[in-house]
Amino acid sequence: MAFYVPYVIDDAEHSARLFRRQFQQSVGEGSGVSRPEDLRVQALNTPGPGFRVGPGGAVIQSRDTTVSARESYGPINDAEVEVLGLDGAPSSGSRRDMVILEIVDPEMDSLTYDPVEAAALNYTRIRVVQGVPASAKTVADVPSLANVTAYALAAIQYPANVSTIQPNMITDLREVADPFRAETAFARPRVAADDSPENYLSGRDANGGEYFPGGGGYANQVEIDIPLRATRMIVEADWMSVIYYGGKDAFGNYWVEFGTEYRPNTWPSKQQYEFATQKFAFDTVGKVAGTYRSNWRLMDNVPVPAKLRGKRVTFVFKAGLAANAQTQAVAMNSMSGLGLKLTFVETALTWQDAV
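Peer 1: So what's going on with the overall build of the chain? Which residues, and what values?
Peer 2: If you tally the helices and strands in the chain, you get two helices and 22 strands. For the chain, with 355 residues in total, the buried portion stands at 45%. Total accessible area computed for the chain in this model is approximately 17800 Å², and 51% of it derives from carbon and sulfur atoms.

Given below as C-alpha cells:
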C-alpha cells in the first residue's frame, strides 16, 4: 500500500484517478449541480419532440463498483444544448423517461464504451433513458443504470400518443451539491405602551385585510436582508396570545406579505406587497361568555423571486375578517406578541421558479 500526495510537483506523476479522488476530498461525497440554475432541463422555445439543457456545472460521484467510490467528476457545460428527435409515448399508454448527465470514462472497468467515441464526447453525454419506474428520482432507482456514473437532471412524463414535450411534462430532479442555508428571526413582545383602542381587528379579508395588530407605532412589520444565494425560504410566523372577546362570533384569515414595492391594496388580491404566504384560518368558538386567548401559527415554504435575492425586504403581519364576521371580537394587547423566523435555503431552480 502506498500514499499519494496530490499537487506535489517535484518529479511526481499524478494520474487522472488521483485528481478525481482529490476532487471528492475537496467537495465531499454525493452528486448535484453547482448552482441553482445549472443544467436546467426545459422545453424547447417552440415545443417539439425534444428539450434543452442549460449551461452549468455538476459534481458526479463515481458509481463504478470495480474501483474506489472515493472519486468524483466535475463536468461543465459552457452553452445551452438541444436534444432533438425523441420518441414520444406509444398510443397504448404513458411513459416516464429520465434525462441523465452520464460520464463515459474508459478507465471504468465496468463500462464498455468505445474510447474514441468517448473522447469525441469529452467523456460526458446527455442521455435519455426510456421507460423508467414511475417513482424513479435518481439513477440509483433505475435497474438498467446499475454501475453507471451519471446524475439525473429531469424526468419527462409522456401522456399516451404524445411526442411534443410541454413545460408541465418535465419534472426537475436536480439538487444543489453544496447548498447554502441561513436563518434569521424577529421577536416582538407587546408592551404596555402599545396598548390602544386600535388593536381590534376590523379589516375585511376581501378588501386586503390590515396590518395586525394595527395602530400607529405598532411593530407589525420588519425589514430583513435576503441572502443572494437563497432560492426558497421557510416562513414561520406566530401571533401569540390573540384575544377573543366573549359574546362575539368572528372568523377570517391571517398571512404574511413581503416584498420591496409598497402599493396600498393594488397588488393581486388587494395586497400591499408583491408576495404573500398561504392564508390560514382563525375562528372563535362562537358567542360564548367570557374572554379567552389563542395562538395563531403559520408555516409556508415559498420561492424567493430573483428580484428579492440580495435585497432588503419588508415582511408584514396581516389578517382580515370574513365578510359576515363580527367586529371588536379579535384583538392583541400588551400581553400579546409577534414572532417571525425565516430559513433561507438554496435549491435547484425549476422553470416555475424562474421569476
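So much for the structure itself; the text now carries on.
Peer 1: Requested: an account of the sheet that holds strand β10 (residues 150-158), with residues and values cited.
Peer 2: Each strand in a sheet pairs with its neighbour through backbone hydrogen bonds, running either in the same direction (parallel) or in the opposite one (antiparallel). Judged by pairing direction, the sheet is antiparallel, and its four strands sit side by side in the order β9-β8-β10-β11 without closing on themselves. The strands lining the two open edges of the sheet, one partner per strand, are β9 (124-129) and β11 (170-172). Across this sheet, the average inter-strand angle for adjacent strands is 20°, counted without regard to direction. Where β10 lies against β11, three bridges are found, and the strand directions are antiparallel. For I156, the partnering residue across the bridge sits in β11 and is I170.

Peer 1: Outline the packing of aromatic side chains, supporting the account with residue identities and numerical values.
Peer 2: For the coordinates displayed, the defined rule picks out 13 aromatic pairs. Ring centres of Y254 and F280 lie 6.1 Å apart, and the angle between their planes is 25°; this geometry places the pair in the stacked category. Note that Y254 is positioned in strand β16 (residues 251-259) and F280 in strand β18 (residues 280-283), a separation of 26 residues in sequence. Their ring planes at 55° and their centres at 5.6 Å tell us that Y262 and Y273 sit as a pair that is tilted. Taken as a pair, Y262 in the loop between β16 and β17 (275-276) and Y273 in the loop between β16 and β17 lie far apart in primary sequence, eleven residues in all.

Peer 1: Now, about the environment of A43: what can you tell me, with residues and values included?
Peer 2: Summarising the element assignment, A43 is placed in strand β2 (residues 41-43). Along the chain, A43 and V53 lie ten residues apart, while their C-alpha atoms are 8.9 Å from each other. Setting aside residues up to four positions removed in sequence, A43 forms contacts with R52, I165, Q166, P167 and I170.

The rules we used
Residues numbered from 1 in each chain as written. Predicted model: local features only at pLDDT ≥ 70, side-chain atom pairs only at ≥ 80, totals over all residues. Heavy atoms only, no water. Helix = DSSP H or I, 4+ residues; strand = E, 2+ residues; numbered from the N terminus. Buried < 20%, exposed > 50% of the residue type's maximum accessible area, 1.4 Å probe, protein only. Areas by Shrake-Rupley, 256 points an atom, 1.4 Å probe, with all protein chains shown as cover. Pairing = 2+ DSSP bridges. Axes fitted to C-alpha atoms, helices over the stretch in contact; angles between N-to-C directions. Phe/Tyr/Trp six-rings, centres within 6.5 Å; stacked < 30°, edge-to-face > 60°. Contact = heavy atoms within 4.5 Å.

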